[in-house]
Amino acid sequence: KGVVTTKSDVYSYGLTVLHLVTGNCPWSHMEFPNQWSMLFQLGAQPTEHPVDTSLPESLQTLISSCIPIKPSHRTSFLELLAYDFFTSDFDEEETLSIVQKIL
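Residues numbered from 1 in each chain as written. Predicted model: local features only at pLDDT ≥ 70, side-chain atom pairs only at ≥ 80, totals over all residues. Heavy atoms only, no water.

Examining the overall build of the protein
Part 1: On a plain count of helices and strands, the protein comes out with six helices and zero strands.
Part 2: The linear arrangement of helices and strands in the protein, starting from the amino end, is α-α-α-α-α-α.
Part 3: Each principal axis of the C-alpha atoms in the protein carries an extent, and together these give about 40 × 30 × 15 Å.
Part 4: For the protein, the residues scored as buried account for 25% of the 103 residues in total. (Helix = DSSP H or I, 4+ residues; strand = E, 2+ residues; numbered from the N terminus. Buried < 20%, exposed > 50% of the residue type's maximum accessible area, 1.4 Å probe, protein only.)

And the structure:
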């Protein structure tokens, strides 16, 4: 607790990707009276964030590997480079379906 490492950045990256591809802020599925109470609650009782199962599998895998509560269970940025999302051929139809979902 209280230690910031590259695993913290990986976590932030995963939530940022989730936000970008769904258009929803992290934890928007939960109700909090305000942002401070959200930060307090999540700090006191860390909660795994669900990953949208309608996303392409390659994105689900990428996000899921970034956002476990325990930093030791998160992937590294170097390992992320080998993920299908970054190494497979660009699928225009899949990308358009993601963009249309957000819009």
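Re helix α3 (residues 57-66)
Part 1: Among the residues of α3, those classed as buried are S58, L59, L62, I63, S65 and C66. Buried residues in α3, looked at end-on, bunch into an arc of 165°, giving them a common side. (Arc of directions from axis to C-beta.)

Quick word on helix α2 (residues 35-44)
Part 1: Burial within α2 is sparse, with just one of its ten residues counted as buried.
Part 2: By the N-cap criterion, in which a side-chain oxygen at the helix start approaches the backbone nitrogen of a residue two or three places on, α2 is capped by N34, the distance to S37 being 2.8 Å. (Polar contact = N/O pair within 3.5 Å; in protein donor to acceptor, adjacent residues only side chain to side chain.)

Section: a negative patch on the surface
Part 1: On the surface, D91, E92, E93 and E94 cluster together into a negatively charged patch.
Part 2: Tracing the chain through its elements places E93 in helix α6 (residues 92-102). (Patch = residues over 30% accessible without salt bridge, like charges linked within 9 Å, V, L, I, M, F, W, Y side chains within 5 Å. Areas by Shrake-Rupley, 256 points an atom, 1.4 Å probe, with all protein chains shown as cover. Salt bridge = Lys/Arg side-chain N within 4 Å of Asp/Glu carboxyl O. Lys, Arg positive; Asp, Glu negative; His and termini not counted. Charge placed at Lys NZ, Arg CZ, Asp CG, Glu CD.)

Describing the nonpolar core
Looking at soluble globular proteins, one finds that nonpolar side chains tend to be buried together.
Part 1: Within the largest apolar cluster, 16 residues are counted, with the highest numbers of intra-cluster contacts made by L15, V17, V21, L55, I63 and I67.
Part 2: Those elements that place two or more of their residues in this core are α1 (6-22) and α3.
Part 3: A total of six residues in this core trace back to one element, the largest contributor, which is α1.
Part 4: In contact with L15, other than residues within four places in its own chain, are P26, W27, H49 and I67. (Core = buried A, V, L, I, M, F, W, Y, C linked by side-chain atoms within 4.5 Å. Contact = heavy atoms within 4.5 Å.)

Re the environment of S88
Part 1: Residue placement: S88 occurs in the loop between α5 (84-87) and α6.
Part 2: Looking at S88, the relative accessible area reads 42%, which means it is partly exposed.
Part 3: S88 sits 85 residues away from V3 along the chain, and the two C-alpha atoms are 34 Å apart.

Overview of the side chain of S58
Part 1: On the secondary structure map, S58 appears in helix α3.
Part 2: Look at S58 and you get buried, because its relative accessible area is 19%.
Part 3: The contact partners of S58, leaving out residues within four places of it in the chain, are D84, F85 and E94.

Concerning the packing of α1 against α3
Part 1: In the contact formed by α1 and α3, the axes pass within 7 Å of each other and the chain directions differ by 145°. In this structure, α1 crosses over α3, and the sense of that crossing is left-handed. In this structure, α1 uses V10, Y11, Y13, G14, V17, L18 and V21 to contact α3, whose residues at the interface are L59, L62, I63 and C66.
Part 2: Considering only residue class, the contact of α1 with α3 consists of ten nonpolar, one polar and no charged. (Axes fitted to C-alpha atoms, helices over the stretch in contact; angles between N-to-C directions. Left-handed = near helix turned anticlockwise from the far one by under 90°. Nonpolar A, V, L, I, M, F, W, Y, C, P; charged D, E, K, R; others polar.)

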